[in-house]
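One letter stands for each residue in the lines below.
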Amino acid sequence: MDYNSNIKYIIRQMHREEYPLLNDFLYEAIYISDGMEPPPKRIRNTPELQEYVVDFGTREHDKAFAAEIEGMIAGGAWVRIMHDYGHIDDDAHSIAIAVRKAYRGLGIGTTMLKELFES
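Note that the coordinates shown come from a computational prediction; the quantities given were computed from them, not determined experimentally. (Residues numbered from 1 in each chain as written. Predicted model: local features only at pLDDT ≥ 70, side-chain atom pairs only at ≥ 80, totals over all residues. Heavy atoms only, no water.)

1. Observations regarding the overall build of the protein chain
Tallying secondary structure elements over the protein chain gives three helices and five strands in all. Going from N to C terminus, the protein chain has its helices and strands arranged as β-β-α-α-β-β-β-α. Counting the 119 residues in the protein chain, one finds 37% classified as buried. Summing over all exposed atoms, the protein chain offers an accessible surface of approximately 7500 Å²; the carbon and sulfur share of this is 50%. (Helix = DSSP H or I, 4+ residues; strand = E, 2+ residues; numbered from the N terminus. Buried < 20%, exposed > 50% of the residue type's maximum accessible area, 1.4 Å probe, protein only. Areas by Shrake-Rupley, 256 points an atom, 1.4 Å probe, with all protein chains shown as cover.)

2. Here we look at the confidence of the model for the protein chain
Predicted confidence across the protein chain gives a mean pLDDT of 88, with 87% of residues reaching 70 or more. Per-residue pLDDT, averaged within each element of the protein chain, yields its smallest value for strand 1 (residues 2-4) (44) and its largest for strand 3 (residues 63-69) (97). (pLDDT = per-residue confidence, 0-100.)

3. Some points on the side chain of Glu 18
Tracing the sequence through the fold places Glu 18 in the loop between strand 2 (7-13) and helix 1 (21-28). Residues in contact with Glu 18, not counting those within four places in the same chain, are Arg 12 and Ile 73. (Contact = heavy atoms within 4.5 Å.)

4. Describing the nonpolar core
Formed by 16 residues in total, the largest nonpolar core has its most connected members in Leu 22, Tyr 52 and Trp 78. Where this core is concerned, the elements lending two or more residues are helix 1, strand 3, strand 4 (72-80) and strand 5 (94-99). It is helix 1 that contributes the most residues to this core, three residues altogether. Core analysis: the second largest hydrophobic core is formed by 14 residues, Tyr 9, Ile 69, Val 79 and Ile 108 among them. (Core = buried A, V, L, I, M, F, W, Y, C linked by side-chain atoms within 4.5 Å.)

5. Here's the deal with the pattern of salt bridges
Pairs can form between side chains of opposite charge once their charged atoms are near each other. If you walk through the whole model with that rule in mind, you get six salt bridges. One salt bridge connects Arg 44 with Asp 24, and the closest N-O pair in it is separated by 3.1 Å. Pair noted here: Arg 44 is in the loop between helix 1 and helix 2 (47-50) and Asp 24 is in helix 1, with a separation of 20 residues, a long-range link. Exposure remark for Arg 44: the relative accessible area of 15% places this residue in the buried category. As a salt-bridge pair, Arg 80 and Asp 62 come within 2.9 Å of each other at their nearest N and O atoms. One end of the pair, Arg 80, is in strand 4; the other, Asp 62, is in the loop between helix 2 and strand 3, and 18 residues separate them in sequence. (Salt bridge = Lys/Arg side-chain N within 4 Å of Asp/Glu carboxyl O.)

Written as structure tokens, this is what we have:
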């Protein structure tokens, strides 16, 4: 368990029934420059972005972790082998990570990333 800014959180493996949350975190993971309007949420339905979440858990190398704060999922980090923007080869995992805005800057994303690398 980590303690940052008096907020206690745990990083744990995401449960299969929580995988639908990855679609929400997919939107949270979109980088938006300061002063820019966020894109509409329907952008996550594009085939390029859906590749990160569609049928998650059915591919051999799919793995996801959740950051939990008082029973609420505040962040997600997941990997899968896919043909995305940064595709290298069929052995390289693509990583997606997102933390809800209210919990950013507390080290949660870094801790989830470490957990992914250690697992």
